[in-house]
Amino acid sequence: MTPDLPAIFTRLRAELPAATLAHLRNPGPSGQDSLLVAPACLVAVCQFLHDSADLDFDLLSNVTGVDWPDPALTDAVALPAEGSAAAVGGFLEVVYHLYSTSRRVGPLVLRARSVDRAEQVHIPSVVAVYRSAEYQEREIFDLFGVKFTGHPDLRRILMWDEFLDHPMRKDYLAPDDYQYEPTPHDAVLEKAKQHYPATSES
Amino acid sequence: MAIDLKLAEDLKSQGVHVTSFESLINWGRASSLWPLQFGLACCAIEMIAATMAKYDMARFGAEVFRPSPRQADLMIVAGTVTKKMAPQVVRLYNQMAEPKYVIAMGACAISGGPFKDGYNVLKGIDRFIPVDVSIPGCPPRPEALLHGLITLREQIAKEKLLGQERARHADPKGPGDLPVPEFGAHDIEPAFNPDVWNPPSFTRDVSES
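Keep in mind it's a predicted model, so treat the numbers as computed, not measured.

### Section: the overall build of chain B
Argument step 1. A count of helices and strands for chain B gives six helices and five strands.
Argument step 2. Across chain B, helices and strands are ordered from the amino to the carboxyl terminus as α-α-α-β-α-β-α-β-α-β-β.
Argument step 3. Overall size of chain B, expressed as C-alpha extent along the three principal axes, is 65 × 40 × 40 Å.
Argument step 4. Within chain B, the fraction of its 209 residues that count as buried is 39%.
Argument step 5. Carbon together with sulfur atoms contributes 57% to the accessible area of chain B, which is approximately 11300 Å² in total.
Argument step 6. Of note, chain B has its 22 positive side-chain charges centred 3 Å away from the centre of its 24 negative side-chain charges.

### Thoughts on the sheet that holds strand β1 (residues 21-24) of chain A
Residues and elements named next belong to chain A.
Argument step 1. As summarised here, the arrangement of the five strands in space is β1-β2-β5-β4-β3, forming an open sheet in which the pairing is mixed. Each edge of the open sheet is held by one strand with a lone partner, namely β1 and β3 (59-68). When the angles between neighbouring strand axes are averaged without regard to direction, this sheet yields 25°.
Argument step 2. Against the sheet, helix α1 (residues 5-15) makes contact with β1, β2 (34-37) and β5 (105-113), and its axis sits at roughly 175° relative to β1, the strand it touches most.

### Some remarks on the domain arrangement of chain A
All names here are of chain A.
Argument step 1. You can read the domains of chain A as domain 1 (5-124) and domain 2 (167-197).
Argument step 2. Between domain 1 and domain 2, the residue contacts involve six residues of the former and four residues of the latter.
Argument step 3. Summing the contributions of domain 1 and of domain 2, the shared interface buries around 400 Å²; its carbon and sulfur component is 49%.
Argument step 4. A salt bridge links R117 to D171, with the nearest nitrogen and oxygen atoms 3.3 Å apart.
Argument step 5. Counting every contact that joins domain 1 to domain 2 gives three residue pairs in polar contact (both at pLDDT 80 or more).
Argument step 6. The residue makeup of the side of domain 1 that touches domain 2, split by class, is four nonpolar, no polar and two charged.

Analysis parameters
Residues numbered from 1 in each chain as written. Chains lettered and ligands numbered in written order. Predicted model: local features only at pLDDT ≥ 70, side-chain atom pairs only at ≥ 80, totals over all residues. Heavy atoms only, no water. Helix = DSSP H or I, 4+ residues; strand = E, 2+ residues; numbered from the N terminus. Buried < 20%, exposed > 50% of the residue type's maximum accessible area, 1.4 Å probe, protein only. Areas by Shrake-Rupley, 256 points an atom, 1.4 Å probe, with all protein chains shown as cover. Lys, Arg positive; Asp, Glu negative; His and termini not counted. Charge placed at Lys NZ, Arg CZ, Asp CG, Glu CD. Pairing = 2+ DSSP bridges. Axes fitted to C-alpha atoms, helices over the stretch in contact; angles between N-to-C directions. Contact = heavy atoms within 4.5 Å. Domains from an automatic or database assignment. Buried area = accessible area lost by both parts, 1.4 Å probe. Salt bridge = Lys/Arg side-chain N within 4 Å of Asp/Glu carboxyl O. Polar contact = N/O pair within 3.5 Å; in protein donor to acceptor, adjacent residues only side chain to side chain. Nonpolar A, V, L, I, M, F, W, Y, C, P; charged D, E, K, R; others polar.

Next up, the structure:
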């Protein structure tokens, strides 16, 4: 059952008046709205949703990241229209899916956004509230470069420790290992051509 | 010294078997391959199935999967080799004692397979270790693995132990440990071992397409 987002929004406003919240509409076919939570109050919001006896969001099933590049820098990524999930780019977003197993309600989608994509990429960790976030936050740190403050063991989980890039970012450039492409086509053909012998340039 | 085949046949009919040490040693090696027990992805499930009763790899003398590279002489690279795993695979290969053989099982181990465009997938284990037999398939059926094993047995039976064309393990000046790739800032370094693998130097007409 999908959660009653307006009711939860009103409830959070009443219980946590200091929290900065926004109700994000999703005009897509899924119609899955979400709550945009300011990073400063993310842990408090999660704690309330977790501890509240009637809401009882006891399960954090999924944490994922989204990279919204600066639209001024790239036009390769089509950003959603004004007023929807992401009106402006140039930040990293972390998405949380909360469920209540006792009430069979979910997912409640929370979103938290960093200030930019380079330096101020800090989002508070929710591991203290939901232990299941630990590995998923490490994965987001690894692949998107979001730094989770308060995480007990923030290091790369998929790539090696010496790795510097964040592969799931839109501006990530994969290493060039197209030396041998037996059947290249499309984008792979363009990359493989860089390795063709000079004599074939005719 | 070559054996007179007709004389050998005559002696065989009287119960005397004549052979060469080379054939005898190769027969022993080919008939008792001990694979290294490790799997990287779904191909490993087919490899396990090949060892079980229905396909019964024991018929070909390769049922003793060893958990230690020191005791193994066949490495079946069964599955996708990620760049994070590649140094470990090369290290395991180095730890195996000669003579040692490698089967690249499945599209991923051969070329990266369906994941070859991934930033973290090695485009074929032959970039770092010499592969004796490649088995195509995604994943190959257990019969294909058995066929690959028989192919390897045929190759071992033809190995020369002396002379210019002797096998790598019979050559005292043969290569020792292969360099293990390092974890770099953006990719493993080097991207391939030029002593083992080099991009094929065919030319292609780039004016087309």
